[in-house]
Structure formats: C-alpha cells, structure tokens
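Here's the letter readout for the chains.
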Amino acid sequence: MILLLPLSLLKTAQNHPMLVELKNGETYNGHLVSCDNWMNINLREVICTSRDGDKFWRMPECYIRGSTIKYLRIPDEIIDMVKEEVVSKGRGRGGAQQNKQQGKGRGGPGRGVFGGRGRGMSGPGRGGQQQQQQQQQQEKKPSKPQGMKTQH
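The rules behind these values
Residues numbered from 1 in each chain as written. Predicted model: local features only at pLDDT ≥ 70, side-chain atom pairs only at ≥ 80, totals over all residues. Heavy atoms only, no water. Patch = residues over 30% accessible without salt bridge, like charges linked within 9 Å, V, L, I, M, F, W, Y side chains within 5 Å. Areas by Shrake-Rupley, 256 points an atom, 1.4 Å probe, with all protein chains shown as cover. Salt bridge = Lys/Arg side-chain N within 4 Å of Asp/Glu carboxyl O. Lys, Arg positive; Asp, Glu negative; His and termini not counted. Charge placed at Lys NZ, Arg CZ, Asp CG, Glu CD. Helix = DSSP H or I, 4+ residues; strand = E, 2+ residues; numbered from the N terminus. Buried < 20%, exposed > 50% of the residue type's maximum accessible area, 1.4 Å probe, protein only. Pairing = 2+ DSSP bridges. Expected span 1.5 Å × (residues − 1). Arc of directions from axis to C-beta. Contact = heavy atoms within 4.5 Å.

Things to note about a negative patch on the surface
Taken together, the side chains of D76, E77, D80 and E84 present a region of like negative charge at the surface. Locating D76 in the fold gives a position in helix α2 (residues 76-89). A relative accessible area of 59% means that D76 is categorised as exposed.

Following this line, the structure appears as structure tokens:
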C-alpha cells in the first residue's frame, strides 16, 4: 500500500490545474500557485461557480482558506507523479518501515540503559541491580536465632 500525504500531493500539483469545492458549495477552477501547511491555497486564472451552478466569475487570482475546503480534484498524472516519488524514495510517512528494521520502533530495543517501557521489569532495570545485591547480602548474613537476646 502506498501512502499519499495531502500536502506532498499539493506541493507536486503546483502550476497544474485543479478544482476546489468549498464547504458552502462554491467551486473554483484554476492553476495552483502555492499552498501552506494549513492547506491555504492560491490559485491563478480562476473560474468561480456559485453553489447553484447558475453564476460564474472569472478572476485573475484568488486565495482560499484551507479550513473552508471540502475537497480537491487533481489530475491523475499528478497523483501518479507523487506515487512514483514515494516508491523511488522507498518509504512512506516518516520512514516508518526503515525505523522498524533498525530497531527504532515503539518500545523496541535501543530504549536507553534502563531497558523497555514501564516499571514492571524484573532483572536489571533502574535500581534493579542494587536491590538484587542487597537481597543477596541479607541472605548471606547469619540470622540470629529467635528468642535469644543479645547482651550489652
């Protein structure tokens, strides 16, 4: 499965035509100039269509706030370009597959000196060796027989 992230798709779609439908039903057809991390976009050579589809406006450029966007239609060739880019890099989101192979995944080996997650560890963990040594020393000491008092 190939994971496509929306922002990488938008970055690749720059200078290509796209259709943007807003939550209020208006549509904007134009060429993507730029986008940011909040999916705010700038379009050029724009044709805006009202929600009823009966009114049209032509604008040289427009800005659309990302939170008002319902969906985007992007040409298939752009999606194919992004897929090829992901496959050629050999990784999806954040290189998660590589991290797991190197033992860097969640809770895996390599979590520092103290071992795995949580406190439920037996064996050498944080303070574990000291506790074991103390227990061994107590076992070696001869215990006093019960019922006998020591004299001073």
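Re the pairing of strand β3 (residues 41-49)
Two faces, one strand: in a regular strand the side chains alternate between the faces of the sheet. Inspection of the sheet shows strand β2 (residues 27-35) paired to β3 by seven bridges, in the antiparallel sense. Paired with Y28 across the bridge in β3 is C48. Across eight bridges, β3 lies against strand β4 (residues 56-64) in antiparallel orientation. Each residue of the ladder has a partner; that of L43, found in β4, is C62. Between β3 and β4, which pair antiparallel in sequence order, lie six residues; one of them, G53, sits at a positive phi of approximately 85°.

Here's the deal with α2
Its 14 residues give α2 an end-to-end C-alpha distance of 20 Å, which sits within 8% of 20 Å, the value for a rise of 1.5 Å per residue. Taken residue by residue, α2 has I78, V82 and V86 as its buried positions. Around the axis of α2, the buried residues are gathered within 75° of arc, so they sit on the same side. Turned more than 90 degrees away from the buried face of α2 sit D76, E84, V87 and S88, all of them exposed. Elements in contact with the buried residues of α2: α1 (6-12). At the C-terminal side of α2, G90 shows a positive phi close to 75°.

The values are spatial; any link to function lies outside them.
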